[in-house]
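Fold and contact review
Now for the letters of each chain:
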Amino acid sequence: MIFKTFIIFLCISPFVFAQNTEVKIFKKEAQESFEYLNKFRNDPKLYGKEIGLELSEVRSSKALIWDETLAAQAEKKAIDMASNNYFSHIDKRGYGMNYYVNKAGFTLPDYWLTDKTGNQVESLGANSLGPDKFIQQLIIDKGVDDKGHRIHLLSMNEFYSKNSHVGIGIAYNPNSYYKYYFCILLAPKNGKNLMD
């Protein structure tokens, strides 16, 4: 009886473990999100109206440049959240994205690196609806009182207006709570000497 139970466990358990770690990446949708964000940044009034927001006071901002280093880090973060079933700016190891972006070779200002949980570069989204509405979700920023994601993505203040490069990652795990996880990283290129 013990032998039969062991055989059944060996036959079933690889399938169960494979299910829990099955993560799909959406590279095409990440590129489409990038293109949509740049259109939105160029004409926030028009695109805001399309999603029910009054953004006539928001100035247009320069187009962001796709950056492979940022994209790789954003994708890793989306995969990590989907694989480990969490949603947070701080990962399960206690680090924020400033740490990982800098470690990957993207130069950030020194004062952004004084706290291992630091995050001046990341906006996150999660939902169970699909990968194509994350930019809208973050710009609407429902439930976020300070509208921090909107300010970040549309460079609505002096601090974020210095951002020039972007990377996006989208991951899906059918066995996770939110299913779809979105990470977008915006940062200034050569930010080493950037001041407040």
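Within any chain, residue numbers begin from 1 and follow the written order of that chain's sequence. Per-residue local features of the predicted model are confined to residues with pLDDT of at least 70, and side-chain atom pairs are confined, for both listing and counting, to 80 or more; whole-chain, interface and lining totals are unaffected and use all residues. As a rule here, side-chain values cover all heavy atoms of the structure and leave hydrogens and water aside.

**Notes on the packing of aromatic side chains**
Aromatic ring pairs: the centre-centre distance and the angle between the two ring planes describe each pair. The cut-off we apply is this: Each Phe, Tyr or Trp ring, with Trp reduced to its six-membered ring, pairs with another whose centre is within 6.5 Å; inter-plane angles below 30 degrees give stacked pairs, above 60 give edge-to-face pairs, and intermediate values give tilted ones. Helix numbers and strand numbers start at the N terminus; a helix is a DSSP run of H or I with at least 4 residues, a strand a run of E with at least 2. For each residue, the accessible area found with a 1.4 Å probe, counting protein chains only, is set against the maximum for its type, and the residue is called buried under 20%, exposed over 50%, and partly exposed in between.
Under the defined criterion, the tally for this structure stands at 16 aromatic pairs. Between W112 and F159, the aromatic rings sit 5.6 Å apart at their centres with planes inclined by 40°, giving tilted as the arrangement. Of this pair, W112 sits in the loop between α5 (97–103) and β3 (122–127) while F159 sits in the loop between α7 (148–153) and β4 (165–172); the two residues are 47 residues apart in sequence, bridging distant segments of the chain. Among the residues examined, W112 registers a relative accessible area of 3% and is labelled buried. The rings of F87, Y177, Y178 and Y181 are connected pair by pair, giving a single aromatic cluster.

**Digging into the confidence of the model for the chain**
To keep things clear, this is the line we draw: Note: pLDDT gives the predictor's confidence per residue, expressed from 0 to 100. Note on contacts: a residue pair is in contact if any heavy atoms of the two residues lie within 4.5 Å.
Of all residues in the chain, 86% have pLDDT values of 70 or greater, and the mean over the chain is 88. This model gives residues 1–20 a pLDDT under 50, and the stretch forms six contacts once residues within four places in sequence are excluded.

**Quick word on unusual backbone geometry**
Backbone geometry at D141 places phi at a positive 55°, although glycine is not the residue there. The topology assignment puts D141 in the loop between α6 (134–140) and α7. Accessibility expressed as a relative area gives 3% for D141, which makes it buried. Positive phi, normally seen in glycine, also occurs at K147, with a value near 55°. As for its position among the elements, K147 is in the loop between α6 and α7. Residue K147 is classed as partly exposed on the basis of its relative accessible area of 27%.

**Focus: the environment of G125**
Mapped onto the elements, G125 comes out in strand β3. The class of G125 is buried, set by a relative accessible area of 1%. Distance in space between the C-alpha atoms of G125 and H149 is 9.5 Å, their sequence separation being 24 residues.

**Considerations on the nonpolar core**
For clarity, the cut-off: Throughout, nonpolar core names a set of buried Ala, Val, Leu, Ile, Met, Phe, Trp, Tyr and Cys residues whose side chains join them through atoms within 4.5 Å.
Counting residues in each nonpolar core, the largest one holds 27 residues, and the members touching the most others are F40, I139, V166, I168, F182 and I184. Among the elements of the structure, α2 (27–42), α6, β4 and β5 (180–187) are those that each provide at least two residues to this core. Of all the elements, α2 adds the most residues to this core, at five residues. Residue contacts for I139: discarding those within four places in its chain leaves L37, F40, I51, L53, L55, R150, L153 and L154. In this structure, M81, L108, L124 and Y181 belong to the second largest nonpolar core, which totals 20 residues.

**As for the pattern of salt bridges**
Applicable threshold: When a carboxyl oxygen of Asp or Glu is within 4 Å of a side-chain nitrogen of Lys or Arg, the pair counts as a salt bridge.
All told, the structure shown has six salt bridges when counted by the stated rule. For K27, the salt bridge is made with E75, and the minimal N-O distance between the two is 2.9 Å. Separated by 48 residues along the polypeptide, K27 in helix α2 and E75 in helix α4 (residues 68–84) bring together distant segments of the chain. A residue is classified by how much of its surface remains accessible, and K27, at 53% relative accessible area, is exposed.

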